Amino acid sequence: MENVTHNVKSRISYAFGAFGHDLFYTTLSTYFIIFVTSHLFDKSSGTKMIGYITLIILVLRFGELVIDPFIGNTIDKTTTCWGKFKPWVVAGGTVGSIGMILLFTNLGGLNESNPVLYLLIFALLYITVDIFYAFKDIGFWSMIPALTFDSRERERTATYARIGSTIGANIVGIVVMPLVLLFSINKNHGTGDTHGWFVFALIIAVVAFISAIAVALGTKEVDSDLRKNTKSTSIKDVFKVLTKNDQLMWLSLSYVLYTSGIQITMSLELYYFTYILGSATHFSILATLNTIVGLLSVSAFPALANKFNRRNVYFLSIGVMILGLLLFAVAGKSLLVVLIAAELFFVPQPLIFLVVLMTLTDSVEYGQLKLGHRDESLTLSVRPLLDKFGGAVSNGIVGLTAVWAGMTTGASAGTITSTGRFTFKIMMFAIPLALIIAGSIVFFKKVTLDEKAHAKIVDQLEKVWGKDKVDSDNLANPLKPGEYEYYSPVSGELIALSQVADKTFASGSMGKGFAIKPTDGKIFAPFDGVVRVTFPTKHAVGLVSNNGIVTLIHVGINTVQLKGDGFTTYFERGQQVKKGDLLMDFQDKIIKDAKFDDTVMIVIINSNEFTEFDYQRVSGYVGKEDVILRLSKAEK
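Going along each chain's sequence as written, the residues are numbered from 1 onward. In view of the model being predicted, local features appear only for residues whose pLDDT reaches at least 70, and side-chain atom pairs are presented and counted only at 80 or more, with totals across whole chains, interfaces and linings using the full set of residues. Remark: hydrogens and water are excluded; side-chain values derive from all non-hydrogen atoms of the structure.

*Asks:* Run through the sheet that holds strand β4 (residues 522-524), naming residues and quoting values.
*Replies:* The pairing criterion is simple: DSSP has to find at least two bridges between the two strands. Secondary structure elements follow DSSP: runs of H or I of four or more residues count as helices, runs of E of two or more count as strands, with numbering from the N terminus. Spatial ordering of the open sheet is given by β4-β10-β8, a layout of 3 strands whose pairing is antiparallel. The sheet terminates laterally at β4 and β8 (567-569), the two strands that pair on one side only. Averaged over all adjacent pairs, the angle separating strand axes in this sheet is 15 degrees, with direction ignored. Taken together, the 3 bridges between β4 and strand β10 (residues 582-586) define a ladder with antiparallel strand orientation. Across the sheet, F524 pairs through a bridge with L582, a residue of β10. The axes used here are C-alpha line fits, helices contributing only the stretch in contact, and every angle between their N-to-C directions lies in the interval 0 to 180 degrees.

Below is the structure:
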């Protein structure tokens, strides 16, 4: 009950954090450029200054792409009493909020009195906000694999977070114009003024800051041995770590094409309502619909992913999105058709985001197995990096589109020419369509990391890493010369390890040992020693005897997929145990109902250190009082 309560509290806190996080991001990435193009400069100097600001944002964003992996690496190296991620979430939320408030001002009139100084201060301010946002963004989303190892629990946490982020991202669209107009001194034909935009940004910044504090107070990282399988990645090795994770790289290419496309269209929607439909206030209707439909879409993800698998959900979503984009392109001035098309375009986005986020999260373990060490934040830094790349492309195209289509200060729907409307539609629909299709082709051909593949990776990882962990820990307590007995840890039918269906154990690569087809569901300590390795899925345990015998006891094959269901453990990492102590209960029926093999595999990981390794029994029924092995190490 306590664990369930903790999970719910953690999910809610994390979801509120995601709400404030996307509230902030959407304001900065989508509505800031509208403030710049429509309000910050007068008509005479506007085109030139908009061009400079767009160029600065583009250059800074692309330059920051190189920095983000190093930010992830820095977070991976962080060790504090508050955890690895929370300090960066709070610091990023604080500095980012203050910086955004300043960005939504004219910096004391410098935009007109001293444009060069304004651009210089703007560049410094923008990069500061962006870097601290990057620390927060990478730290925030990197928390998912640190909160749980259970793929389904990750889906639940991510779903809660996506519900929060969906509300945050879309509620901005609902409140932006009402708030701007409410606090504007001059309504300017429904577009507001700089005072209204400043108050709007102030409100958003305060909420974003409070949500960062909520994450710090309401979440807790899992204390698992697997998360300790890290190493300090040097600066020169940062990109090597990323590029060697092939699934991460193909997913990144697919996602960067996709996110660039959708961000262009989403960023131009308010322009469509303002300069094509001629009613910016109707944009709140779309934003409200997006919020409702987005919540329904996100809530459906766990069920959809469970029934159809993530890969099928991805391609179904892409199909609906393309249909919406095509309908949007021919909607013209019909508000009803625009709303239907925009919803068809929007409803798949939360689903695709969650598929990508889950695949990216699972690539942490994929990279850990392939490279031999774990890089949570470095790996997860890729997703915000790609979003920022898409945002940089989007801001650049939006700025150019506004200028080319004549949608700048003083413009209205009536002043936009047919050439301007055609240019606008090419940029809003044709380019995104090409990018989304290209990204889907890459995903189809190259991304193979799905739920089943991840479960197998975690199972293999626990075996290989568990062996390495107990082996390395035993260096401080080396095997002592002498003769030792190894008792059966479970009752059942003894069989040779080479006969088990698990190739890793059968090959002997883990060490010599034996296997038992259990007749009951109890695992006992085979000697006096200490628990060195525990697993979040509870199906295995690593022990080191007081004399230095290193062993791994693994219950069943593919039982990692049960995620602890049916297993009860009676130990903690570092606990001293006596021979015959009950270590674990497992419900054999649950294993067999899931159609998994219940064979218990026992390996002596440091078996190559023994001068004699004698099997006392090789078949037949054995119990916990039976000696299976006699081991000895001679004096040097």
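Picking up where we left off.
*Asks:* Tell me about a nonpolar patch on the surface, residues and numbers included.
*Replies:* Together, F16, L202, V206, F209 and I210 give the surface a local cluster of nonpolar side chains, amounting to about 380 Å² of exposed area. Residue contributions to the nonpolar patch peak at 4 residues, all from helix α8 (residues 194-218). The residue F16 is located in helix α1 (residues 2-40) in this model. To count toward a patch, a residue needs a relative accessible area over 30% and no salt bridge; like charges are then connected within 9 Å, while nonpolar side chains (Val, Leu, Ile, Met, Phe, Trp, Tyr) are connected within 5 Å. The accessible surface values rely on the Shrake-Rupley method and a 1.4 Å probe; as for residues, cover is taken only from the protein chains in view. In what follows, salt bridge is the name for a side-chain nitrogen of Lys or Arg lying within 4 Å of a carboxyl oxygen of Asp or Glu.

*Asks:* Before we move on, could you go through the packing of aromatic side chains and cite the residues and values that matter?
*Replies:* Note on ring pairs: Phe, Tyr and Trp rings are taken, using the six-membered ring of Trp, and paired if centres are within 6.5 Å. Classes follow the plane angle, with under 30 degrees stacked, over 60 edge-to-face and the rest tilted. Counted according to the given criterion, the structure contains 33 aromatic pairs. Geometrically, the ring pair formed by F32 and Y126 is tilted, given 6.4 Å between the ring centres and 35 degrees between the ring planes. Residue F32 is located in helix α1, and its partner Y126 is located in helix α5 (residues 115-141); the two are separated by 94 residues in the primary sequence. Residue F32 shares its accessibility class with Y126, and that shared class is buried. Burial here depends on accessible area, computed with a 1.4 Å probe over protein chains only, as a share of the maximum for the residue type. Under 20% is buried, over 50% is exposed, and the range in between is partly exposed.

*Asks:* Give a description of the side chain of Q349 that names residues and reports values.
*Replies:* With respect to the element layout, Q349 can be found in helix α14 (residues 349-371). A relative accessible area of 7% places Q349 in the buried class. Here, two residues are considered to be in contact whenever any of their heavy atoms come within 4.5 Å of each other. The contact partners of Q349, leaving out residues within four places of it in the chain, are R162, Y258, I262, M266 and M321.

*Asks:* Can you explain the pattern of salt bridges? Please cite residues and give values.
*Replies:* Side chains that differ in charge, positive against negative, can pair when their charged atoms come close. Inspection of every chain in the model, using the stated rule, returns 10 salt bridges. For E485, the salt bridge identified is with R630, shortest N-O distance 2.3 Å. One end of the pair, E485, is in strand β1 (residues 482-487); the other, R630, is in strand β14 (residues 627-633), and 145 residues separate them in sequence. Here K517 and D598 are joined by a salt bridge, their closest N and O atoms 3.1 Å apart. Highlighted residues: K517 in strand β3 (residues 512-518) and D598 in strand β11 (residues 597-604), separated in sequence by 81 residues. What makes K517 partly exposed here is its relative accessible area of 32%. Judged by its relative accessible area of 4%, D598 is buried. Here the salt bridges share partners, and the residues they tie into one network are K517, D588, K592, D597 and D598.

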